[in-house]
Amino acid sequence: MSVAVRFAPSPTGLLHVGNVRLALVNWLFARKAGGNFLLRLDDTDEERSKPEYAEGIERDLTWLGLTWDRFARESDRYGRYDEVAAALKASGRLYPCYETPEELNLKRASLVSQGRPPIYDRAALRLGDADRARLESEGRKPHWRFKLEHTPVEWTDLVRGPVHFEGSALSDPVLIREDGRPLYTLTSVVDDADLAITHVIRGEDHVANTAVQIQIFQAVGGAVPVFAHLPLLTDATGQGLSKRLGSLSVASLREEEGIEPMALASLLAKLGTSDAIEPRLTLDELVAEFDIAKVSRATPKFDPEELLRLNARILHLLPFERVAGELAALGLDDADAAFWEAVRPNLSRVAEARDWWAVTHAPVAPAVDDPSFLAEAAALLPEEPWDLSTWGTWTGAVKAKTGRKGKDLFLPLRRALTGQDHGPELKNLLPLIGRTRAEKRLAGETA
Ligand code: GLU
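Residues numbered from 1 in each chain as written. Predicted model: local features only at pLDDT ≥ 70, side-chain atom pairs only at ≥ 80, totals over all residues. Heavy atoms only, no water.

Colleague: Tell me about the layout of surface pockets, and name the residues and values.
Modeller: Gaps left between atoms show up when a probe the size of a water molecule is rolled over them. Estimated volume of the second largest pocket: approximately 210 Å³. Lining the second largest pocket are 16 residues, and of these R254, E255, G258, E326 and A351 lie nearest its centre. (1 Å grid on protein atoms, 1.4 Å probe; cavity = no way out; pocket = protein on both sides within 12 Å on 5 of 7 lines; lining within 4 Å. Points joined across faces, edges and corners; volume = space filled by probe spheres on them.)

Here it is, written out as structure tokens:
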């Protein structure tokens with residue numbers, strides 16, 4: 001049996017870190033098993049699904065490197081859902097119901113007030129042909145519920161271990177709306193069965209759906225996949241991250257926060273697992289380390305500060321080739337490996353490279369505290385060409401001449417050469433600043 005998994009987002013909003021973590025875990029699971037990864041758009045909610053969200057999902061996954069082997073879209077498959085629904089109606093597993101939303105609310109409220117679970121009472125099953133004809137003549141259209149078997153439903157979840165539900169403790173789910181549209185609970189099963197999905201890995205908000213869907217798999221004659229339900233990410237206060245709020249969307253982490261794809265992947269692959277979170281530069285490393293058995297049942301907390309710290313650690317390791325495109329997009333067309341290696345230890349985000357580009361390639365107003373010391377130092381500047389040894393040679397000479405050492409020696413030079421108290425190692429910056437600018441800055445000129 002070859003492993004097949006799917007990521008099935010609804011294109012009704014931007015992907016946030018919680019959704020994309022599920023995409024990543026599915027993708028890692030597939031790659032580890034040598035299986036395949038399906039991207040399926042659950043787009044049967046036509047009021048809320050939007051093409052721009054579908055495009056956004058593809059863009060976000062591509063940015064992270066989560067390529068898909070197969071693609072499907074539920075809105076292409078209505079004919080198939082109709083066929084399955086007709087078979088379920090014919091076998092009596094789908095039955096028509098006529099209650100309005102208000103009537104259902106009243107029923108639920110009355111059950112809850114008696115301290116009973118709000119399970120649908122199957123009143124519609126007691127309607128005769130004449131009752132149905134009367135209701136339809138009043139203009140009511142049926143929605144259709146799936147008749148659950150009142151037997152235990154059990155599965156061994158790859159994250160939660162053995163799970164047990166009583167069929168009698170669940171409400172018969174509505175699978176077809178009044179307007180004839182099939183709902184997710186059905187469409188997802190039909191797709192998983194038709195596309196031979198072997199493992200359904202999703203959020204724990206779907207655990208009760210799984211109990212119902214296992215019975216639907218059985219009713220439609222599909223093989224029941226293995227399930228894994230991951231605890232959902234929360235923020236630091238334990239609140240859920242809602243997609244509808246657009247909070248922590250992948251798009252804003254990329255475009256506004258300057259997060260690198262491997263920083264997000266390194267964090268999300270390990271959050272809530274027994275592995276330590278460490279910077280990883282390739283998805284292959286994450287595949288090698290992945291094991292769904294490492295996912296814990298405890299609620300993982302997503303901390304944007306932790307992501308930014310990891311982003312910095314990733315940047316400090318990334319070779320120039322991996323950021324050349326981003327640097328060019330910032331307008332730093334001439335940035336080269338020497339520049340990148342000089343500045344990357346000081347960056348949390350690639351865009352901050354602009355600040356150091358300005359120091360090496362644009363006029364800087366020097367900070368001058370002791371002009372005569374700087375003049376002595378300037379007189380000792382070696383001739384070009386300069387390289388990584390120039391700083392050591394030069395400051396050695398300045399030290400010998402002036403007797404200064406440590407901070408007294410280095411800080412005034414840094415403040416004059418860069419206008420700042422802190423920054424990348426001057427050994428790396430000095431050759432990029434060059435002699436002409438260095439001489440002027442040491443003389444107190446903006447250069
Ligand atoms: N569209 C559903 C969601 O985004 C898919 C759930 C599933 O994986 O079955 O929650």
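So that's the structure; there's more coming.
Colleague: Before we move on, could you go through the site of the ligand and cite the residues and values that matter?
Modeller: Around the ligand, the neighbouring residues are R6, A8, S10, D42, Y184, S188, R202 and H206. Taking D42, its side chain carries an N or O atom lying 2.8 Å from a nitrogen atom of the ligand. Between R202 and the ligand, the recorded distance is 2.7 Å, taken from a side-chain N or O atom to an oxygen atom. The residue makeup of the shell around the ligand, split by class, is two nonpolar, three polar and three charged. (Near = heavy atom within 4 Å. Polar contact = N/O pair within 3.5 Å; in protein donor to acceptor, adjacent residues only side chain to side chain. Nonpolar A, V, L, I, M, F, W, Y, C, P; charged D, E, K, R; others polar.)

Colleague: Let's hear about empty space enclosed by the protein: which residues, and what values?
Modeller: What the rule picks out here adds up to two cavities of 30 Å³ or more. Each pocket or cavity is described by its volume, and for the largest cavity that value is around 80 Å³. What lines the largest cavity is L28, A269, K270, T273, D275, L286, E289, F290, D291, K294 and V295. Of all the secondary-structure elements, those providing two or more residues to the lining of the largest cavity are α9 (261-270) and α10 (283-289). Residue lining of the second largest cavity: R21, V25, L230, L268, A269, L271, T273 and V295, and that is the complete set. Contributions of two or more residues to the lining of the second largest cavity are made by α1 (17-33) and α9. (Helix = DSSP H or I, 4+ residues; strand = E, 2+ residues; numbered from the N terminus.)

Colleague: Break down the sheet that holds strand β4 (residues 94-97) for me, citing the residues and quoting the values.
Modeller: With antiparallel pairing, three strands are arranged side by side in an open sheet as β4-β5-β8. Only two strands of the sheet have a single partner each, and these edge strands are β4 and β8 (174-176). Taking each pair of neighbouring strands and ignoring which way they run, the sheet shows an average axis angle of 45°. Relative to strand β5 (residues 143-146), β4 runs antiparallel, the two being bridged by four bridges. Residue pairing for β5: P96 is matched across the bridge by W144. The sheet contacts of helix α3 (residues 78-90) involve β4, β5 and β8, and relative to β4 the element is tilted by about 85°. (Pairing = 2+ DSSP bridges. Axes fitted to C-alpha atoms, helices over the stretch in contact; angles between N-to-C directions. Contact = heavy atoms within 4.5 Å.)

Colleague: So, the UniProt feature "short sequence motif: 'HIGH' region" (unreviewed entry) in the protein: which residues are in play, and what are the values?
Modeller: Using the residue numbers shown here, the UniProt feature "short sequence motif: 'HIGH' region" (unreviewed entry) corresponds to residues 9-19. What you have in residues 9-19 is 27% helix and 0% strand, and the ends, taken at the C-alpha atoms, are 8 Å apart. (UniProt positions renumbered as here; feature names shortened; annotations may be inferred.)

Colleague: Tell me about helix α4 (residues 101-113), residues and numbers included.
Modeller: The terminal C-alpha atoms of α4, which comprises 13 residues, lie 18 Å apart, in line with the 18 Å expected from a rise of 1.5 Å per residue. Looking one or two residues beyond α4, the residue adopting positive phi is G115, at roughly 75°. (Expected span 1.5 Å × (residues − 1).)

Colleague: Provide a residue-level description of the pattern of salt bridges, including the pertinent values.
Modeller: Under the criterion given, the structure shown has 39 salt bridges. Salt-bridge contacts for R31 lead to D69; the nearest nitrogen and oxygen are separated by 3.3 Å. Of the two residues, R31 sits in helix α1 while D69 sits in the loop between α2 (51-64) and β3 (70-73), which places them 38 residues apart along the sequence. In this structure R31 comes out as partly exposed when scored by relative accessible area, which is 25%. Note that D191 and R40 form a salt bridge whose closest N and O atoms lie 3.5 Å from each other. Taken together, the residues D191 in helix α6 (residues 184-194) and R40 in strand β2 (residues 36-41) connect sequence positions 151 residues apart. Under the relative-accessibility criterion, D191 is labelled buried at 0%. On the accessibility criterion, R40 (0% relative accessible area) is buried. (Salt bridge = Lys/Arg side-chain N within 4 Å of Asp/Glu carboxyl O. Buried < 20%, exposed > 50% of the residue type's maximum accessible area, 1.4 Å probe, protein only.)

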